[in-house]
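# Close look at the chain arrangement
Here's the letter readout for the chains.
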Amino acid sequence: MALSTHTTPSGFLLPSIHSAPPFFTEQPNQNTHAHLTEQWIRLILTYARHKRLFVLRVEDAEVPGGDWDEILRNERINRRIPPSYLSSLMAALVAKNLAVYEPAKQTRAVLLHWRLPEEWADVLHSWATATGQLNTILTFYEISDPPIPSLLSGIPIPLLRRAITILSRSNRAQIIGVADGEGVRFFVG
């Protein structure tokens, strides 16, 4: 079978390397391994952004029909990524600061940074400014699950907290304790 691109049912264009059986196995040659790791990292992050996925788990390699199935399997060549290889790719993402283990102190799940926390901080502040939320106290829930869908819809609380912390350092936000948890007030910046 010739290497070719393929569009998934969700509309994501898979690169031609996804048609190569060796892509789905850890390679012993260090140069090949490094190259394929970079290809996988790029594929995971672009797919996560396309589908707005924030969490990748080792178990996702074994879940047929799951959120990650379109890239972790290729039924056309009868291949899937083994969990051990996915685990090493997750470690590479963490080493490059493109993901963090979430929850911390385990290595089975990562919170992906398809947009860096600093970029999320800018998105968050722009959203607060555009929606007239400056000097208003908002709960984390109101931000991650707004009445009108936004770029922040569905953002995991640990990532939201990290973005708010970045804004706090530049005096553009302040974390405030509220009755049902934590809140934030945004300032002009």
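What you see is a predicted model; the values in this text were computed from it and never measured. Counting of residues starts from 1 at the beginning of each chain's written sequence and follows it residue by residue. With pLDDT at 70 or above as the cut-off, local features in this predicted model cover only qualifying residues; side-chain atom pairs require 80 or more to be listed or tallied, and sums for whole chains, interfaces and linings still use all residues. Excluded from the side-chain calculations are hydrogens and water; all other atoms, namely the structure's heavy atoms, are used.

What follows concerns the overall build of the chain. The secondary structure content of the chain amounts to six helices and 10 strands. Dimensions of the chain, computed from C-alpha atoms along their principal axes, come out at roughly 60 × 35 × 25 Å. Here the chain, with 189 residues, has 43% of them falling under the buried criterion. Within the chain, counting contacts between residues at least 6 apart in sequence, those at least 24 apart form 56% of the total. For the accessible areas, the method is Shrake-Rupley and the probe is 1.4 Å, while residue cover comes only from the protein chains on display. Total accessible area on the chain stands at roughly 9800 Å², and carbon and sulfur atoms take up 54% of it. Only four residue types enter the tally: Lys and Arg on the positive side, Asp and Glu on the negative side, with His and both chain ends excluded. We put the charge of a Lys on NZ, of an Arg on CZ, of an Asp on CG and of a Glu on CD. Taking the 18 positively charged and 17 negatively charged side chains of the chain as two groups, their mean positions are separated by 4 Å. Think of it this way: any DSSP run of H or I at least four residues long counts as a helix, any run of E at least two long counts as a strand, and we number them from the N terminus. When a residue's accessible area, from a 1.4 Å probe over protein chains only, is under 20% of the maximum for its type it is buried; when over 50% it is exposed; and in between it is partly exposed. Residue contacts are counted whenever heavy atoms from the two residues lie within 4.5 Å of one another.

In this description, strands pair whenever DSSP reports at least two bridges between them. With antiparallel pairing, three strands are arranged side by side in an open sheet as 3-7-6. Since the sheet does not close on itself, it has two edges, and those belong to strand 3 (55-57) and strand 6 (99-101), each with one partner. Going across the sheet, the axis of each strand differs from the next one's by a mean of 30°, ignoring polarity. Relative to strand 7 (residues 109-112), strand 6 runs antiparallel, the two sharing three bridges. Along strand 7, the bridge assignment pairs Val100 with Leu111. For helices, the fitted axis covers only the stretch in contact; all axes are lines through C-alpha atoms, and the angles between them, taken along N-to-C directions, range from 0 to 180 degrees.

What follows is about the nonpolar core. The tendency in soluble globular proteins is for nonpolar side chains to be buried side by side. Nonpolar core, defined: a set of buried Ala, Val, Leu, Ile, Met, Phe, Trp, Tyr and Cys residues in which side-chain atoms within 4.5 Å join the residues together. Trp40, Trp68, Leu112 and Leu124 are the most contacted members of the largest nonpolar core, which totals 54 residues. Contributions of two or more residues to this core are made by helix 1 (30-51), helix 2 (69-72), helix 3 (83-95), strand 7, helix 4 (117-130), helix 5 (140-144), helix 6 (157-169) and strand 10 (181-186). In contact with Leu112, not counting residues within four places along its chain, are Ile44, Leu45, Ala48, Leu53, Phe54, Leu56, Trp68, Leu93, Leu98 and Ala99.

What follows concerns the side chain of Gln39. As for its position among the elements, Gln39 is in helix 1. Gln39 gets classed as buried once you look at its relative accessible area, which sits at 18%. Not counting residues up to four positions away in its chain, the partners in contact with Gln39 are Ile17 and Phe23.

On to the packing of helix 1 against helix 3. At a closest axis distance of 10 Å, the pairing of helix 1 and helix 3 adopts a crossing angle of 80°. One way to sum up the angle between helix 1 and helix 3 is to call them roughly perpendicular. Contacts between helix 1 and helix 3 involve His33, Leu36, Thr37, Trp40, Ile41, Ile44 and Leu45 on the former and, on the latter, Tyr85, Leu89, Ala92 and Leu93. Of the residues belonging to the contact of helix 1 with helix 3, the class tally is nine nonpolar, two polar and no charged. Reported orientations rely on four angle classes, namely roughly parallel under 35 degrees, roughly antiparallel over 145, roughly perpendicular from 65 to 115, and oblique for the rest. Amino acids outside the nonpolar list (Ala, Val, Leu, Ile, Met, Phe, Trp, Tyr, Cys, Pro) and the charged list (Asp, Glu, Lys, Arg) are all regarded as polar, and Gly is one of them.

Turning our attention to the sheet that holds strand 9 (residues 173-178). Read across the sheet, three strands follow the order 8-10-9 without closing on themselves; strand pairing throughout is antiparallel. What marks the edges here is a single partner per strand, and that holds for strand 8 (137-139) and strand 9. Averaged over all neighbouring strand pairs, the angle between strand axes comes to 35°, with direction disregarded. Seen against the sheet, helix 6 touches strand 9 and strand 10 and runs at an angle of roughly 125° to strand 9.

Each Phe, Tyr or Trp ring (for Trp, its six-membered ring) is paired with any other whose centre lies within 6.5 Å, and the angle between the two planes then decides the class: stacked below 30 degrees, edge-to-face above 60, tilted in between. Going through the model one piece at a time under the given rule, you end up with eight aromatic pairs. Each ring, one from Phe54 and one from Trp114, has its centre 5.3 Å from the other, and the planes form 35°; the classification is tilted. Taken as a pair, Phe54 in the loop between helix 1 and strand 3 and Trp114 in the loop between strand 7 and helix 4 lie far apart in primary sequence, 60 residues in all. Each member of the pair Phe54 and Trp114 is classed as buried. An angle of 75° between the planes, with centres 5.4 Å apart, marks the rings of Trp114 and Trp120 as edge-to-face. Taken as a pair, Trp114 and Trp120 share a single burial class, namely buried. Among the aromatic residues, those joined into a ring-pair cluster are Phe12, Tyr47 and Trp68. The lysine or arginine in question, Arg115, covers the ring of Trp120, its NZ or CZ lying 4.8 Å from the ring centre. Think of it as a cone above the ring: NZ of Lys or CZ of Arg counts as a charge over the ring if it is within 6 Å of the ring centre and within 35 degrees of the ring normal.

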